[in-house]
Amino acid sequence: CVLIILCFTARMLGQVTGAFKLPKPGLMKPGEYDTTAIEKAELMAKETLGMVETPIDPATYVLGPNDILTLFIAPILYKPEIPSHADIPVSPDGRMIIPGIGAITVGGKTIAEAENSVREQVTKLLKTNGVSLSLRKMRTFKVFVRGAVRKPGIIPATPADRGSEIIDRAGGLMFDASMRSISITRSLSSEKNVHVPVDLHDFYFKGDKSGNPFMNGGDVIFVPAQSANRIYEVSGEVGKPGTFEF
């Protein structure tokens, strides 16, 4: 009896002090996860909203509603009403309104394409070649997360956010979630959708970003549960025994 009590006490002490590690995500059962760690991860994910990995490429960044652009026009003495420097948001219908010039459609264009359109329009009215356009602030949009995540719902995102970051903001993957069969439903038009595959296994274990795409406004991320027909188990004298997806 004394031996049993001592073993039980040691086990409880180990759980309190952290000597007994929690199961890895692929082996966890409902409720067997560190809620404090999850809260810290969610806070960190929110704090990194809008951070960029590399400088924005004007040739690839596609503009959309609520992007804020900085327009520079070389000062013109005979047109004092034309500002030489202005921060202009992209309207919900994809246009930017330039005082003294008018509305120019930039939504759906890259920054470089928008700059060419603005320069062309400005030079029709003004004798100047000093026209430039740059991204002042990225837009924020809605992304929907469904399936095997802890907090499915609507998540704020920017064009610089990847799928893994959105899933983190949704509380992270559930214990039985698939990492290799995630999909993003993306709307190209009112009548056409595409499905973008997401494979986070290589991203988490190898740092490979190819299966972890950037987000678009209105994307729907669906995280399925692991398929019982597409897993294998490794046990015995190995470093990381467990259940894995094909």
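Up top is the structure.
Remember, predicted model here, so these are calculated numbers, not experimental data.

Engineer: Just to check I follow, could you spell out helix α3 (residues 111-125) for this structure?
Structural biologist: Counting along an α-helix, one turn takes 3.6 residues, and residues three or four places apart therefore face a common direction. With 15 residues, α3 should reach 21 Å at 1.5 Å per residue; the first-to-last C-alpha distance of 22 Å fits that figure. Looking only at α3, the buried set comprises Ile-111, Ala-114, Glu-115, Ser-117, Val-118 and Val-122. Down the axis of α3, the smallest arc covering the buried residues is 165 degrees, so these residues share one side. Buried residues along α3 sit in contact with β1 (68-73), β3 (95-98), β4 (102-105) and β5 (131-137).

Engineer: What is the right way to read the layout of surface pockets from this model?
Structural biologist: The rolling of a water-molecule-sized probe over the atoms marks out the regions of remaining empty space. What the second largest pocket holds in volume is close to 590 Å³. In terms of residue class, the lining of the second largest pocket is made up of twelve nonpolar, nine polar and five charged.

Engineer: Just checking my understanding: could you explain the packing of aromatic side chains for this structure?
Structural biologist: Two aromatic rings are characterised by how far apart their centres lie and by the angle between their planes. Inspection of the entire model under this criterion finds three aromatic pairs. Relative to Phe-244, the ring of Tyr-232 has its centre 5.8 Å away and its plane inclined at 35 degrees; by these criteria the two rings are tilted. Here Phe-244 lies in strand β12 (residues 242-245) and Tyr-232 lies in strand β11 (residues 231-234), a separation of twelve residues in the sequence. Looking at Tyr-232, the relative accessible area reads 37%, which means it is partly exposed. For Phe-244, a relative accessible area of 30% gives the class partly exposed. Measuring from ring centre to ring centre gives 5.6 Å for Tyr-232 and Phe-246, while their planes differ by 50 degrees; the resulting arrangement is tilted. Taken together, the positions of Tyr-232 in strand β11 and Phe-246 in the segment after β12 put the pair 14 residues apart, joining distant regions of the chain. Ring pairs connect the aromatic residues Tyr-232, Phe-244 and Phe-246, which therefore count as one cluster. One Lys or Arg, Arg-162, reaches over the ring of Phe-214 and ends 4.0 Å from the middle of that ring.

Cut-offs and rules
- Per-chain numbering applies: the sequence of each chain, read as written, is numbered from 1 onward.
- Since the coordinates come from a predicted model, pLDDT governs what is reported: local features require at least 70, and pairs of side-chain atoms require 80 or more to be given and counted, while whole-chain, interface and lining totals use all residues.
- The basis for the side-chain values is all heavy atoms of the structure; hydrogens and waters are excluded.
- A helix here means a DSSP run of H or I that spans at least four residues, while a strand means a run of E at least two residues long, and both kinds are numbered starting from the N terminus.
- To estimate the expected span of a helix, count its residues, drop one, and scale the result by 1.5 Å.
- With a 1.4 Å probe rolled over the protein chains alone, any residue whose accessible area is under 20% of its type maximum counts as buried; one over 50% counts as exposed, and the rest are partly exposed.
- The directions considered for the arc are those from the helix axis to the C-beta atoms.
- Residues are treated as being in contact if the distance between any of their heavy atoms lies within 4.5 Å.
- Both site types are read off a 1 Å grid over the protein atoms alone. A 1.4 Å probe that fits but cannot get out defines a cavity, while an open set with protein on both sides within 12 Å along at least five of seven lines defines a pocket; lining residues have an atom within 4 Å of a point.
- Grid points are joined across faces, edges and corners, and a volume is the space filled by probe spheres set on the points.
- Residue polarity follows a fixed list, in which Ala, Val, Leu, Ile, Met, Phe, Trp, Tyr, Cys and Pro are nonpolar, Asp, Glu, Lys and Arg are charged, and the others, Gly among them, are polar.
- Working definition: a ring pair exists when centres of Phe, Tyr or Trp rings (six-membered ring for Trp) sit within 6.5 Å. Plane angles under 30 degrees give stacked, over 60 give edge-to-face, the rest tilted.
- Two thresholds decide whether a charge sits over a ring: the Lys NZ or Arg CZ must be within 6 Å of the ring centre and within 35 degrees of the ring normal.

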